[in-house]
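# Tertiary structure, described
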Amino acid sequence: MLQLYTEDTYKVPGEPFFGYLRGGYTQDELRAVDDYAFNMGVEVVPCIQTLGHLGQILQWPRYANLRDTNEVVLTKQPETYEFLERLIATVSAPLRSNRIHIGMDEAYGIGEGRFRTMYGAQEGTSIFVEHLARVHGICVKHGLKPMIWSDMLFCLAAKNNALYAYYDQSNNPADAFNKVEGIPPDIDLVFWDYYHTVPEIYARKIQQHRDLGCSNPWLAGAAWTWSRFWCYLPFSFESNRASLTAAKSPVGRVKSFMLTIWGDEGNECDFFSSLPVLLYVGNHAYTEKLEIDVGFMENSFAAICGGSLGDWMYSSRLDEIPPSDMMDARPQLPSNMSKWILWEDPMLSFMSPQYAALDLESHYTETADRLLDLPGPRSVRYPLNRLLRMPGLLARVLSLKCNLRKRLAEPYRAGDRAALLQVAETRLRPLIEAQRELWLYHRSRWHRIYKPFGWETLELRYGGLSARLQTMYDRIVAYALHQPCSTLRRSLGEEDDNMVDSIPELEEELHCIYENAYTSLLLDYGRVTAPSRLG
């Protein structure tokens, strides 16, 4: 089975602003996907949103009347259900399956926006269940069997929007939902948990789903692809091992398991980097054993995918913290430090105190040297290893960027302009070239496997970084040579005769923002690109 996740990325007749300029699937494209999968014995299930996660469409004036909050649609309104019926009918029409995933996860603030103004304060559980019943009725009308993500049942019962409420072992929502009409009995609940590594945690939550009346809940794990450039394989294996162990246990008895692959925060990650996780989960699902032999994994990944599992695991060093006396425990969640070190402003480098105690320069240099040296004789046996050029190029950029501000600030503060110029020429200029090569490779890779829509988000990030690096170089060189920037850039016809008498950014002292966290942080672009808030 393939569950094809779309929020607004499918075309709906008469709704030009649904998925506006987002490259949505046409009916013919969905039919082609379904035909191809059918020939392979795979069922394609539409996976959409019918409550939250609809901010992409609710931003447009066309849908102002459907808005409760910026992300959640307005329940109770007839227009909302007419609209949702069009979505359900459209996305299911070209597919053979009679199943549909109607989402409803992370609908934080349901009933707290325009709903409250129009209908007054109401219990969140009642609002949710009423909405679920109406959408369920639409599905039944169209001959579809729905399923939903289960997190809001737990969060609403606990009156807590944080994911903590979902995973809190003491939070059993059965009592809260027994007080309302209840959940339609033929709706499947999908319990998603990508974060824990202890089987017992999954097993207890599976039982709580049964307490809600769902005799056969689904379980969803994940390949850690979101908000990063390369799937973090070690934690993906560890978390899925725990969830699958629970699923197979006498207590779990889970019949349906899905592996999710998400592209949050710009979809920077090459989804092919998750192939080892798909192979691991596939092997796990078809055996009663609780452990998968490493040798078998290595051989099957080479035979089926054409890659060296060892080399792909090595690529996870992008987000792996090198050993340090100051860090004696592994972080709870996988860091995405390669992302936020790449995107943080190079001149301000305000996140650098987080990794000041770590030798990331050597770490990333070693990673780049190995990954970029893989082509050659090994490419005959492992042709898929060519994709490891992406993490290799990124590692090379990070090796040049991670300590750049520190290397520049030291000679600047010492008044050594010659040494400052040398750092600019031997570190900053190569970084500009390495960053350009990474951008061009990433652009080529994106257009090879995706539609062009969405690339603009990443290209704006690359463009911003490129401009900042060039400005940084021009100002530092102008300062070091006692020349105005216009002397350096005259060939471009620039008019800038201001002398660079100082570089105030290098005079500022930096402070650690997340004390004792070091690089054990999962941060998005908006947080790390600059200390000033965007927008």
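Scroll up for the structure.
Report on the accompanying structure. (Residues numbered from 1 in each chain as written. Predicted model: local features only at pLDDT ≥ 70, side-chain atom pairs only at ≥ 80, totals over all residues. Heavy atoms only, no water.)

## Observations regarding the overall build of the protein chain
This is how it is decided: Under the DSSP-based scheme used, a helix requires at least four consecutive residues in state H or I and a strand at least two consecutive residues in state E, with every element numbered from the N terminus. With C-alpha atoms as the basis for the radius of gyration, the globule rule is written as 2.2 Å multiplied by the number of residues raised to the power 0.38. Between buried and exposed lies partly exposed: a residue is buried under 20% and exposed over 50% of the maximum accessible area for its type, with that area taken using a 1.4 Å probe on protein chains only. Residue exposure ignores everything except the shown protein chains as possible cover, and the areas themselves are Shrake-Rupley values with a 1.4 Å probe.
Of the regular secondary structure elements, the protein chain holds 22 helices and seven strands. Taken against the 2.2 N^0.38 rule, which gives 24 Å for 535 residues, the C-alpha radius of gyration of the protein chain at 26 Å falls within 12% of a compact globule. Taking the principal axes of its C-alpha atoms as reference, the protein chain extends roughly 75 × 60 × 45 Å. The proportion of buried residues among the 535 residues of the protein chain is 52%. Taken as a whole, the protein chain presents about 24,100 Å² of accessible surface, with 52% of it coming from carbon and sulfur.

## Section: the packing of helix α10 (residues 233–248) against helix α11 (residues 275–285)
When two helices pack together, their arrangement is given by the angle between the helix axes and the distance between those axes. Formally: Helix axes use the C-alpha atoms of the stretch in contact, all axes being lines fitted to C-alpha atoms, and the angles between their N-to-C directions lie in the range 0 to 180 degrees. When describing relative orientation, an angle under 35 degrees is termed roughly parallel and one over 145 degrees roughly antiparallel, while 65 to 115 degrees is termed roughly perpendicular and anything else oblique. Helix crossings are classified by the rotation of the near helix relative to the far one: an anticlockwise turn of less than a right angle makes the crossing left-handed, while a clockwise turn makes it right-handed. Whether two residues are in contact is decided by their heavy atoms: any pair within 4.5 Å suffices. Three residue categories are used. Nonpolar comprises Ala, Val, Leu, Ile, Met, Phe, Trp, Tyr, Cys and Pro, charged comprises Asp, Glu, Lys and Arg, and polar comprises the others, including Gly.
Packing of α10 against α11 leaves a shortest axis separation of 10 Å and a crossing angle of 20°. In terms of orientation, α10 and α11 fall into the roughly parallel class. Crossing angle aside, the handedness with which α10 passes α11 is right-handed. Mapping the contact onto sequence places Leu 233, Ser 236, Phe 237, Asn 240, Arg 241, Leu 244 and Lys 248 in α10 and Pro 276, Val 277, Tyr 280, Val 281 and His 284 in α11. Classifying every residue of the contact of α10 with α11 gives seven nonpolar, three polar and two charged.

## As for the pattern of salt bridges
The condition that has to hold: Salt bridge, as used here: a side-chain nitrogen of Lys or Arg that lies within 4 Å of a carboxyl oxygen of Asp or Glu.
Here the structure, examined in full by the defined rule, presents 30 salt bridges. Residues Glu 15 and Arg 62 are paired through a salt bridge, measuring 3.6 Å at the closest nitrogen-oxygen approach. With Glu 15 in the loop between β1 (2–5) and α1 (27–39) and Arg 62 in the loop between α2 (55–58) and α3 (78–92), this residue pair connects regions lying 47 residues apart in the sequence. With a relative accessible area of 7%, Glu 15 lands in the buried category. Residues Arg 407 and Glu 361 are paired through a salt bridge, measuring 2.7 Å at the closest nitrogen-oxygen approach. Taken together, the residues span a long stretch of sequence, with Arg 407 in helix α18 (residues 404–414) and Glu 361 in helix α15 (residues 360–372) at a distance of 46 residues. One continuous salt-bridge network, built from bridges that share partners, spans Glu 265, Glu 268, Lys 339 and Arg 461.

## Observations regarding empty space enclosed by the protein
We apply this condition: With a 1 Å grid spanning the protein atoms alone, the term cavity applies to any set of points in which a 1.4 Å probe fits but cannot get out, the term pocket to an open set with protein on both sides within 12 Å along at least five of seven lines, and the term lining residue to any residue with an atom within 4 Å of a point. Grid points are joined across faces, edges and corners, and a volume is the space filled by probe spheres set on the points.
Scanning the entire structure with this criterion turns up two cavities of 30 Å³ or more. Approximately 60 Å³ is the volume found for the largest cavity. Lining the largest cavity are Asn 267, Glu 268, Cys 269, Asp 270, Met 390, His 442, Arg 445, Trp 446, Ile 449 and Tyr 450. A per-element tally of the lining of the largest cavity places helix α19 (residues 417–449) first, with four residues. Residue composition of the lining of the largest cavity, by class: five nonpolar, two polar and three charged.

## Considerations on the nonpolar core
Selection criterion: Residues grouped as a nonpolar core are buried Ala, Val, Leu, Ile, Met, Phe, Trp, Tyr and Cys residues, joined through side-chain atoms within 4.5 Å.
Counting 79 residues, the largest nonpolar core has Trp 340, Ile 341, Leu 342 and Leu 428 as the members making the most contacts within it. If sequence neighbours within four positions are ignored, Leu 428 has contacts with Leu 404, Val 423, Leu 469, Met 472, Tyr 473 and Ile 476. Core analysis: the second largest hydrophobic core is formed by 77 residues, Ile 127, Cys 139, Ile 183 and Ala 247 among them.

## Considerations on the state of the cysteines
Note the cut-off: Any two cysteine sulfur atoms lying within 2.5 Å of each other are counted as a disulfide.
This structure, assessed with the given rule, holds zero disulfides. Cys 47 forms no disulfide, and the closest cysteine sulfur to it belongs to Cys 139, at a distance of 12 Å. Look at Cys 47 and you get buried, because its relative accessible area is 3%.

## Considering the side chain of Arg 210
Applied cut-off: Only four residue types enter the charge count, namely Lys and Arg as positive and Asp and Glu as negative; His and the chain termini do not.
Take Arg 210: it is sitting in helix α9 (residues 199–211). It turns out Arg 210 is buried and unbridged, and the closest side chain with the opposite charge, Asp 211, is 8.2 Å from it.

## A few points about the pairing of strand β2 (residues 44–47)
Applicable threshold: Any two strands between which DSSP finds at least two bridges are classified as paired. Place the viewer so that the strands point away; then a crossover is right-handed whenever the path from the first strand over the helix to the second strand goes clockwise.
Residues Val 44 and Pro 46 of β2 are buried on one face, and the alternating residues Val 45 and Cys 47, pointing to the opposite face, are buried as well. In the sheet, β1 pairs with β2 via four bridges, with the strands oriented parallel. From the neighbouring strand, Leu 2 faces β2, where its bridge partner is Val 44. Handedness of the crossover is the feature at issue here: the chain leaves β1, passes through α1, returns alongside β2, and the resulting connection is right-handed.

## With respect to helix α6 (residues 151–158)
Within α6, six of the eight residues are buried, leaving the element largely enclosed by the surrounding structure. Three or more residues of α6 are buried, namely Asp 151, Met 152, Leu 153, Phe 154, Cys 155 and Leu 156. Those residues of α6 that are buried lie in contact with α5 (124–141), β4 (145–149), α7 (163–167), α8 (174–178), β5 (188–192) and α9. A positive backbone phi angle near 55° is found at Lys 159, which sits one or two residues after α6.

## Some remarks on the packing of α5 against α6
It is the contact of α5 with α6, at a shortest axis distance of 9 Å, that shows an interaxial angle of 155°. By the angle between their directions, the pair α5 and α6 is classed as roughly antiparallel. Mapping the contact onto sequence places Gly 124, Thr 125 and Phe 128 in α5 and Met 152, Leu 153, Leu 156 and Ala 157 in α6. In terms of residue class, the contact of α5 with α6 is made up of five nonpolar, two polar and no charged.

## Observations regarding the side chain of Lys 339
Mapped onto the secondary structure, Lys 339 falls in helix α14 (residues 337–343). In this structure Lys 339 comes out as buried when scored by relative accessible area, which is 0%. Not counting residues within four places of it along the chain, the set of residues in contact with Lys 339 comprises Ser 227, Arg 228, Phe 229, Glu 265, Glu 268, Asp 319, Arg 461, Leu 523, Asp 524 and Tyr 525.

## A look at a nonpolar patch on the surface
The following threshold applies: Two distance rules govern patches: like charges are joined within 9 Å, and nonpolar side chains (Val, Leu, Ile, Met, Phe, Trp, Tyr) within 5 Å, applied only to residues with over 30% relative accessible area and no salt bridge.
Together, Tyr 20, Leu 21 and Phe 453 make up an exposed nonpolar region whose accessible area comes to about 310 Å². Note on placement: Tyr 20 falls in the loop between β1 and α1.

## What to know about the environment of Phe 350
As for its position among the elements, Phe 350 is in the loop between α14 and α15. Spatially, the C-alpha atoms of Phe 350 and Leu 156 are 38 Å apart, while their sequence positions differ by 194 residues. Setting aside chain neighbours within four positions, we find Phe 350 in contact with Glu 344, Leu 510, His 511, Ile 513, Arg 527, Val 528, Thr 529, Ala 530 and Pro 531.

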